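In case you want the letters, here they are:
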Amino acid sequence: MTRDVLGFTYSSGEMQGGVNGMADASGMLDSPTRDYEADAAPTDTCFGLVPEGSEELARNYRAFFNNTIEWVRSYSDNVRGAGLMLGQVRVNYDAADRPG
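Predicted, not measured: the structure shown is a model, and the values here were computed from it.

Rules used throughout
Residues numbered from 1 in each chain as written. Predicted model: local features only at pLDDT ≥ 70, side-chain atom pairs only at ≥ 80, totals over all residues. Heavy atoms only, no water. Helix = DSSP H or I, 4+ residues; strand = E, 2+ residues; numbered from the N terminus. Buried < 20%, exposed > 50% of the residue type's maximum accessible area, 1.4 Å probe, protein only. Axes fitted to C-alpha atoms, helices over the stretch in contact; angles between N-to-C directions. Parallel < 35°, antiparallel > 145°, perpendicular 65-115°, else oblique. Contact = heavy atoms within 4.5 Å. Nonpolar A, V, L, I, M, F, W, Y, C, P; charged D, E, K, R; others polar. Left-handed = near helix turned anticlockwise from the far one by under 90°.

Looking now at the environment of Asp-24. Among the structural elements, Asp-24 can be located in helix α1 (residues 12-28). A relative accessible area of 52% places Asp-24 in the exposed class.

Here we come to the packing of α1 against helix α2 (residues 30-40). Between α1 and α2, the shortest axis-to-axis distance is 4 Å and the interhelical angle comes to 15°. Classified by the angle their axes make, α1 and α2 are roughly parallel. Contact residues: Ser-26, Gly-27 and Met-28 in α1; Asp-30, Ser-31 and Pro-32 in α2. In terms of residue class, the contact of α1 with α2 is made up of two nonpolar, three polar and one charged.

So, on to the packing of α1 against helix α3 (residues 55-97). In the contact formed by α1 and α3, the axes pass within 8 Å of each other and the chain directions differ by 165°. In terms of orientation, α1 and α3 fall into the roughly antiparallel class. As α1 packs across α3, the resulting crossing turns out to be left-handed. Residue-level contacts link Ser-12, Met-15, Gln-16, Gly-18, Val-19, Met-22, Ala-25, Ser-26 and Gly-27 of α1 to Ser-76, Val-79, Arg-80, Ala-82, Gly-83, Leu-86, Gly-87, Val-89, Arg-90, Tyr-93 and Asp-94 of α3. Its residues assigned to classes, the contact of α1 with α3 comprises nine nonpolar, eight polar and three charged.

Among the secondary structure elements, Gly-17 is positioned in helix α1. Along the backbone, Gly-17 and Gly-87 are 70 residues apart, and their C-alpha atoms lie at a distance of 9.6 Å.

In C-alpha cells, the structure reads:
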C-alpha cells in the first residue's frame with residue numbers, strides 16, 4: 001500500500017523489499033569471503049597461492065590479504081547497516097501514518 005506522510009509518498013511493502021534485498025546482498029558476501037579467507041590465507045611455507053619467495057613479497061601479500069578481508073567485511077557491514085536504517089525509516093513512516 002502506498003501512503004502519503006507529511007507530503008512524502010512511500011510504500012511500506014516496497015521499503016521492506018529493499019530491506020530484504022540489502023540483507024540478501026550482504027549475506028551473499030559471507031560464503032565467498034569465508035572461502036577466500038580459508039583458501040588464500042598466508043601460511044608459514046606458502047602465502048595464498050604463491051610459494052614464498054621473499055619476506056618482502058610475503059609481507060606485501062599479508063597486507064593485501066588483510067586489507068581485502070577488511071574491505072569486504074566493511075562493505076558487507078555497510079550494506080547490512082543501510083538495510084537496517086531503511087527498515088527503521090519504514091517503521092518511522094508507518095508510525096507517522098498512524099499517529100496516536
